[in-house]
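Structural overview
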Protein chains: 2
Amino acid sequence: MEKLKKYVSVKDEDQFYHQGAVELLVFNFLLILTILTIWLFKKHRFRFLHETGGAMLYGLVMGLIIQYAAKASDAESGTVYECEKLKSGQSTLFINITNQVYEYQYKREISHHNVNGHQGNAMLQKMTFDPSIFFNILLPPIIFHAGYSLKKRHFFRNLGSILTYAFLGTAISCIIIALIMYGFVKAMVHTGQLKEWDFHFTDCLFFGSLMSATDPVTVLAIFHELHVDIDLYTLLFGESVLNDAVAIVLTYSISIYSPKENPNTFDAAAFFQSVGNFLGIFAGSFAMGSSYAIVTALISFTLCEFPMLETGLFFLLSWSAFLSAEAAGLTGIVAVLFCGVTQAHYTYNNLSPDSKMRTKQLFEFMNFLAENVIFCYMGLALFTFQNHIFNPLFIFGAFVAVFVARACNIYPLTFLLNLGRKQKIARNFQHMMMFSGLRGAIAFALAIRDTESQPKQMMFTTALLIVLFTVWVFGGGTTPMLTWLQIRVGIDPDEDLKVEAASQSASNPDKNTTKAESAWLFRIWYSFDHKYLKPILTHAGPPLTTTLPEWCNPVARLLTSPSAYGDQLKDDDTDYIINNDELTENYESSAHMPVWDRTGSTQATGKEDIHEGDLGLGGYKLQLEHTAHQPQMN
Amino acid sequence: MEKLKKYVSVKDEDQFYHQGAVELLVFNFLLILTILTIWLFKKHRFRFLHETGGAMLYGLVMGLIIQYAAKASDAESGTVYECEKLKSGQSTLFINITNQVYEYQYKREISHHNVNGHQGNAMLQKMTFDPSIFFNILLPPIIFHAGYSLKKRHFFRNLGSILTYAFLGTAISCIIIALIMYGFVKAMVHTGQLKEWDFHFTDCLFFGSLMSATDPVTVLAIFHELHVDIDLYTLLFGESVLNDAVAIVLTYSISIYSPKENPNTFDAAAFFQSVGNFLGIFAGSFAMGSSYAIVTALISFTLCEFPMLETGLFFLLSWSAFLSAEAAGLTGIVAVLFCGVTQAHYTYNNLSPDSKMRTKQLFEFMNFLAENVIFCYMGLALFTFQNHIFNPLFIFGAFVAVFVARACNIYPLTFLLNLGRKQKIARNFQHMMMFSGLRGAIAFALAIRDTESQPKQMMFTTALLIVLFTVWVFGGGTTPMLTWLQIRVGIDPDEDLKVEAASQSASNPDKNTTKAESAWLFRIWYSFDHKYLKPILTHAGPPLTTTLPEWCNPVARLLTSPSAYGDQLKDDDTDYIINNDELTENYESSAHMPVWDRTGSTQATGKEDIHEGDLGLGGYKLQLEHTAHQPQMN
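For chain A, an unreviewed UniProt entry supplies the name Sodium/hydrogen exchanger and the organism Melopsittacus undulatus. We quote the UniProt Sequence similarities (unreviewed entry) comment for chain A here in full: "Belongs to the monovalent cation:proton antiporter 1 (CPA1) transporter (TC 2.A.36) family."

This is the structure in structure tokens:
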């Protein structure tokens, strides 16, 4: 008999597992549907629905189906048991029920008013991910991929502007949203929709910071496909990538802001502690991510014979950057972002050609899957999430706040930046940036992290609606908007480079550096990087023996890779490789470039530019470079 | 105050998560160490330690460290609570502790005598995976990769022998191990080491079936590297791949064998039900896996412009095969294996060159990671698993049983096969196959699935020791063994093909088919596949208009891909591509092929062979084929 019981319980357990299989299967089918739809759209060149929008749509429909089909199922479980003997905070619970010990694992704490919501039907419960999955599994590959595929040259050229938008812009956006929302909350309290003690100014700030994470993935995909001006692309991409990092750390800092007394009053000490937290976490995550990347660069220096081992090491070390940051109490996502940037800058040069492709394709694939899963889940969550609080006034307020904040971010900052920039950001570019303030995966992931209290549930519902609206409406409207704003498309991203190369070989290279947009601080860093870091960390760059003073020669010889002497062109070549990769990669063939745009004007825009060659090596290299460009021009 | 408490609990939760990060970090570091070690070994061409052996070694050392370093930590939790009010079998538990509701999730049932073992220290507990992770996450990519990288041509040529070893051999092995173990168990009962009712004959059979899953990954890697005779390679590889499937289904069938009365007596009805279960599950999983692959083939037919979408679809559909099988109560692993085989056979031909490479590299990478994680975990488990039961007599018996069973599997079956085979399996090949009976990931995963009862714990401990021993000793001894048995290495796998091609162009192709090793049943299938399935499912093969009777022409034209008319050589070409891929893929450069072996004798072995050309298309194609081979010969 005991035996029999055992077998029954084994079958029960299998039953448990098969349930998980069904839910994963639902997701798989949604993704497959999405892929097929996108394929159809791509084939017929419909650009009004990006794959993420499609994934969201299918998720929505599936959520609706589940919601209504599974309504009448079990609401049996969900009784709350009183156990005074138990201590709180145990991670594992052994419970003896009718002489059989069961192990239960801690999942989370639930507010009393949510218990009913959590009961629901089993299918809905199963379709709900643990929010930590977003932060620990789905977001890291997306963010790493973003960092790894930053177009280095254009990114560094616009670094000043990007940093301004990312740091200052996010802070502005956060505060503006918070202020506007606080006004609406006051109005809601006034009309009796909300009890005052429910919603503090810190909650508004929290909402402001999570809504400040822009995610124009749809817009960028279309930019990429249509070959929109590379500087506009870089500004938007760079802003969105860095601004995610800022928004995540900001949200975290605000959530641990804990004034000693009344949480509603301003506490200077707690405030400065939050600022300190922000700076500390940001700098720490940055350091963690980039140091792992540097370790990878140093190891891969010697490991380039076995592509599989190389790729494995690359993957594991990048993942370790994430995990170490998390383990150290920092922000893994931010660490992984800077790890990606640094990997692309140094390690990529050391990889064998095979590994270069493998790593790119691997992270591209992971990014593709993770992105579609998240967007699919967002659609699903609208109907399957149990504790939505739809408050029309709050939602209306949030929409207003988000758009006002975006405007207060882009236009004033661009005005200030244009004072300093040689190559001004044109008015139509500004409008396009304003338009591209989509909200996406990060905002959603930050909002779903905590949905226990009623304010948080209201925020989550609102954030979800804003994501859905911006992705569909703004994402779908990108192509018409480009036409309407008369933004040039079909631009060869290397075109300005060619003009540069031609002009540089004619003019004095030293004059060029004075024209550079970026500040002297950045130029010093760039020169340092090119002269010392690149030669030490990669196969590329000039040999250290030429860049270090003569008395350092013995050390320099030791640190320089033998291959650095031979091919001093490599560094620039790899720059090209990254650019070209990014044009031909992804799931679009060049045949789909719109013909009506290819003939667009070819006016050169690359007037101010820090070019690798003219900083590090001076004149002697330019000649070589010019030769290297030759085949591309023909 | 309530606010403050909230923040504290948020921090607590973070604490929970950071623990997970530390454990993953430990695994990451172990894998990184393994990769670096293997790189060193490969560079210096040490072949006595394969990466899986290395991973296991590091896991072992790390387990030792954790075991002794973390000994004095908390043993606080682990009290068993009595709650009469609770009903058993709830998946989620809401518990009210001091006015706060906590959600707990069901994990598993625990036997009373194991509760102490489960308490242990927190680090050890955290380092223990949920056994279902093996079956749902780690094994599927390994098994799929095995199926996807089967060398089709050589596999089909030896299909009869492989099937015999896989089905008959595994059954023999299972029964022999069970009988010997039953003897040992009786002896243990006699000496008082075991109470009789603890260990039934079905338990012995269970142990026999799980120990019958061979996993010569180490041996195969060395074979691959040294270019050992391709038929020996294929026999071993094919046997180990299919035998995993058989062993898994067999173990499952035995575990649900439930005689109505005394479990110790033979119950004919229950026995036949088990046999029925085995056949049903096996056939069902096969059908599920291959039908998903066929769907993929049909879809990818039209989808070859966008490599990323193609790869995504390929991945998702293959995974769906696994999930659907699990959801339907079949065996996902078996489904995924046959899905892999079918994908390689049909879908692979439809993929764009870019996707071919992407899918291969993706699954290769996943296989690499998953394999090393499993082996690493096996090393770790020796010290961190809490409920080991080391019974020397049982362990000794198991070693004896495993070797006797392997001998009873290989030698008699080979004798029988050699009666039918034109190309005999030589004596030294037989010894090598006997020697290659390593146990690995599957045996371990099957054993760890259920470690609640004491007999199961004893089995788990014993299985783990056998895996460690065989991987290190036999894995490490492969190269000396090859030399000692005088097995030729450094063979060009296409060499026999060339000889064939040359001989076929001279001789009458019809005569060739009569020489074929395989049975008429298989030949009919092959011909059917080549004439009808391949043209319908892939771009390759002859157009249906030539293979179908004339009155079917309208249908045939509809079903045939337009590209099939042009390049009737494609099918054979892709055959080559797979072969060549597999030689140049992986993490070894051809420069590492041992020079002392390259000059080995080049005596041709390919006398009996079903060649694609001579079955499907007769003479007209052979001429073309011969031309196609030409460039490879020069």
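On we go.
**Points about the overall build of chain A**
Within chain A, the regular secondary structure consists of 29 helices and three strands. Out of the 634 residues in chain A, the part that is buried amounts to 62%. The long-range share in chain A, meaning contacts at least 24 apart out of those at least 6 apart in sequence, stands at 83%. For chain A, the computed accessible surface area is about 24,300 Å², with 66% contributed by carbon and sulfur atoms.

**Notes on unusual backbone geometry**
Residue and element names in this part refer to chain A. The residue Q486 is not glycine, and still its phi comes out positive at about 55°. Mapped onto the elements, Q486 comes out in the loop between α19 (478-484) and α20 (495-506). Residue Q486 is classed as exposed on the basis of its relative accessible area of 68%.

**Here's the deal with the packing of helix α5 (residues 132-148) of chain A against helix α17 (residues 441-448) of chain A**
All names here are of chain A. Close contact between α5 and α17 brings their axes to 11 Å; oriented N to C, the two are set at 165°. In terms of their interaxial angle, α5 and α17 are classed as roughly antiparallel. Judged by the sense of rotation from one axis to the other, the crossing of α5 with α17 is left-handed. Side by side, α5 and α17 meet where F134, F135, L139 and I143 of the first sit next to A441, I442, F444, A445, L446 and I448 of the second.

**Examining a nonpolar patch on the surface**
On the surface, a cluster of nonpolar side chains totalling about 380 Å² of accessible area is made up of F271, F272, V275 and L279 of chain A. On the secondary structure map, L279 of chain A appears in helix α11 (residues 268-300).

**Quick notes on the pattern of salt bridges**
Under the defined criterion, the tally for this structure stands at ten salt bridges over all chains. D354 of chain B is the salt-bridge partner of R358 of chain B, the closest N and O atoms lying 3.4 Å from each other. Of this pair, R358 of chain B and D354 of chain B are both found in helix α14 (residues 353-384), four residues apart, which corresponds to roughly one turn of the helix. With a relative accessible area of 7%, R358 of chain B lands in the buried category. Ionic pairing is found between D450 of chain B and K456 of chain B, a salt bridge with its closest N-O pair at 3.6 Å. By relative accessible area, D450 of chain B is classed as buried at 18%. In this structure, a network of salt bridges that share partners links the residues D354 and R358 of chain A together with E364 of chain B.

**As for the confidence of the model for chain A**
Residues and elements named next belong to chain A. For chain A, the average pLDDT comes to 74, and 66% of its residues sit at 70 or higher. Mean pLDDT across the secondary structure elements of chain A bottoms out at helix α28 (residues 612-616), with 34, and peaks at helix α15 (residues 392-420), with 91. The low-confidence segment residues 504-517, where pLDDT is below 50, has 24 contacts with residues more than four positions distant or belonging to other chains. Within the model, pLDDT remains below 50 along residues 565-634, and this stretch shows 143 contacts once partners closer than five positions in the same chain are excluded. Confidence estimates for the predicted assembly give a pTM of 0.79 and an ipTM of 0.78.

**With respect to the environment of A443 of chain A**
Residues and elements named next belong to chain A. Within the secondary structure layout, A443 lies in helix α17. Each C-alpha atom of the pair A443 and I487 lies 28 Å from the other, and the pair is 44 residues apart in sequence. With sequence-adjacent residues up to four places away left out, A443 is seen in contact with L210 and A213.

Each value, and the rule that gives it
- Residues numbered from 1 in each chain as written.
- Chains lettered and ligands numbered in written order.
- Predicted model: local features only at pLDDT ≥ 70, side-chain atom pairs only at ≥ 80, totals over all residues.
- Heavy atoms only, no water.
- UniProt positions renumbered as here; feature names shortened; annotations may be inferred.
- Helix = DSSP H or I, 4+ residues; strand = E, 2+ residues; numbered from the N terminus.
- Buried < 20%, exposed > 50% of the residue type's maximum accessible area, 1.4 Å probe, protein only.
- Contact = heavy atoms within 4.5 Å.
- Areas by Shrake-Rupley, 256 points an atom, 1.4 Å probe, with all protein chains shown as cover.
- Axes fitted to C-alpha atoms, helices over the stretch in contact; angles between N-to-C directions.
- Parallel < 35°, antiparallel > 145°, perpendicular 65-115°, else oblique.
- Left-handed = near helix turned anticlockwise from the far one by under 90°.
- Patch = residues over 30% accessible without salt bridge, like charges linked within 9 Å, V, L, I, M, F, W, Y side chains within 5 Å.
- Salt bridge = Lys/Arg side-chain N within 4 Å of Asp/Glu carboxyl O.
- pLDDT = per-residue confidence, 0-100.

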